[in-house]
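Each chain, written out:
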Amino acid sequence: MANLQDLFKKHCIVPDVLTTAPSEPLNIQYSSGVSVEPGKELTPTQVKDKPVVKWAAKDNQYYTLAMVDPDAPSRENPKFREWHHWLVGNIFGGDMNKGEILSDYIGSGPPKGTGLHRYVFIIYKQSEKCDFSKVSKLPNNSGDKRGKFSISKFAQQYKLGTPIAGNFYVAKYDEYVPKLYAKLKG
């Protein structure tokens, strides 16, 4: 299997999203039974529910997790790059339940006819607990304020350093996408 950093470069996640690719894999398991493998194609139906995410976390350390789509609304016209699907900070010891949800999870929803989108998961190790009080908290039924996000700029702002772990999959439109859009309008 190709090295994770090489796959991040091959799929242009470096430089489209990050300047440095993470070296450690991120284990991502969906309740649909699929797990994320770098560059594997999954469907919006398979990834509609919040996954279980694991990495080589240290018990006394804080982490930030992000999931972004740099291809919104399409890879040819990424005018909303990056659309962030999930953002959790101050994850203590790798326990996602002990994290601060900044943007709750929204599954993949690539518009019809826009081809494959990349969905990138990134973990940063925080040097200390961060004050995210100025970050708008977004529920999973709102697409507002999710476009034109930059995980690199966010990482700079909060001094998160370079990503330590990551993974990604690709997905295109399927029959679940209209249901997701209806939920986001609700």
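These lines cover the structure that appears in this document, whether it is placed above or below. (Residues numbered from 1 in each chain as written. Predicted model: local features only at pLDDT ≥ 70, side-chain atom pairs only at ≥ 80, totals over all residues. Heavy atoms only, no water.)

With that out of the way, let us pick up the nonpolar core. With 25 residues, the main nonpolar core has Phe8, Leu18, Ile151 and Phe154 as its most contacted residues. For this core, the secondary-structure elements that each account for two or more residues are helix H1 (4-10), helix H2 (13-16), strand S5 (62-69), strand S8 (117-126) and helix H3 (151-157). With 23 residues, the next largest nonpolar core counts Tyr30, Leu42, Tyr63 and Tyr105 among its residues. (Core = buried A, V, L, I, M, F, W, Y, C linked by side-chain atoms within 4.5 Å. Buried < 20%, exposed > 50% of the residue type's maximum accessible area, 1.4 Å probe, protein only. Helix = DSSP H or I, 4+ residues; strand = E, 2+ residues; numbered from the N terminus.)

Moving on: the pairing of S5. Of all eight residues that make up S5, seven are buried, and the element is covered over most of its length. Taken together, the seven bridges between S5 and strand S6 (residues 83-92) define a ladder with antiparallel strand orientation. Within the sheet, the bridge partner assigned to Met67 lies in S6 and is Trp86. Sheet topology note: the S5/S8 ladder contains seven bridges and is antiparallel. In the strand pairing of S8, Tyr62 is matched with Gln126. (Pairing = 2+ DSSP bridges.)

With that settled, the discussion passes to the pattern of salt bridges. The full count for this structure, using the stated rule, is eight salt bridges. With its nearest N and O atoms 3.6 Å apart, the salt bridge here joins Asp16 to Arg81. Of the two residues, Asp16 sits in helix H2 while Arg81 sits in the loop between S5 and S6, which places them 65 residues apart along the sequence. Using a relative accessible area of 27% as the deciding quantity, one classes Arg81 as partly exposed. The residue Lys40 makes a salt bridge to Glu37 at a minimum N-O spacing of 3.9 Å. Exposure remark for Lys40: the relative accessible area of 32% places this residue in the partly exposed category. (Salt bridge = Lys/Arg side-chain N within 4 Å of Asp/Glu carboxyl O.)

Here we come to helix H4 (residues 177-185). Within H4 the residues assigned to the buried category are Val177, Leu180 and Leu184. The arc enclosing the buried residues of H4, seen along the axis, measures out at 60°, which places them on a common side. For H4, the exposed residues set more than 90 degrees away from the buried face come down to Lys179 and Lys185. (Arc of directions from axis to C-beta.)

So, on to unusual backbone geometry. Here the bond from Val14 into Pro15 is cis, since omega is 20°, no more than 30 degrees from zero. Relative to the assigned elements, Pro15 resides in helix H2. Of note, the bond from Ala72 into Pro73 is cis; its omega dihedral lies within 30 degrees of zero at 0°. Inspection of the secondary structure puts Pro73 in the loop between S5 and S6. Positive phi, close to 60°, is recorded for Lys145, a residue that is not glycine. Secondary-structure assignment places Lys145 in the loop between S8 and H3. Looking at Lys145, the relative accessible area reads 64%, which means it is exposed.

Before going further, it helps to spend a moment on the packing of aromatic side chains. Scanning the model with the defined rule gives 12 aromatic pairs in all. Considering the side-chain rings of Trp86 and Tyr105, the 5.2 Å spacing of their centres and the 85° angle between planes classify their relative orientation as edge-to-face. Within this pair, whereas Trp86 is found in strand S6, its partner Tyr105 is found in the loop between strand S7 (100-103) and S8, the two being separated by 19 residues in sequence. With 5.8 Å between their ring centres and 10° between their planes, Phe132 and Phe154 make a pair best called stacked. With Phe132 in the loop between S8 and H3 and Phe154 in helix H3, this pair connects stretches of sequence that are 22 residues apart. The same class applies to Phe132 as to Phe154, namely buried. (Phe/Tyr/Trp six-rings, centres within 6.5 Å; stacked < 30°, edge-to-face > 60°.)

Judged by how many residues are buried, S8 sits mostly within the fold: nine of 10 residues are covered. In the sheet, S8 pairs with strand S9 (residues 165-171) via seven bridges, with the strands oriented antiparallel. Across the sheet, the residue bridging to Ile122 is Gly166, located in S9.

Read these as geometric descriptors, not functional statements.
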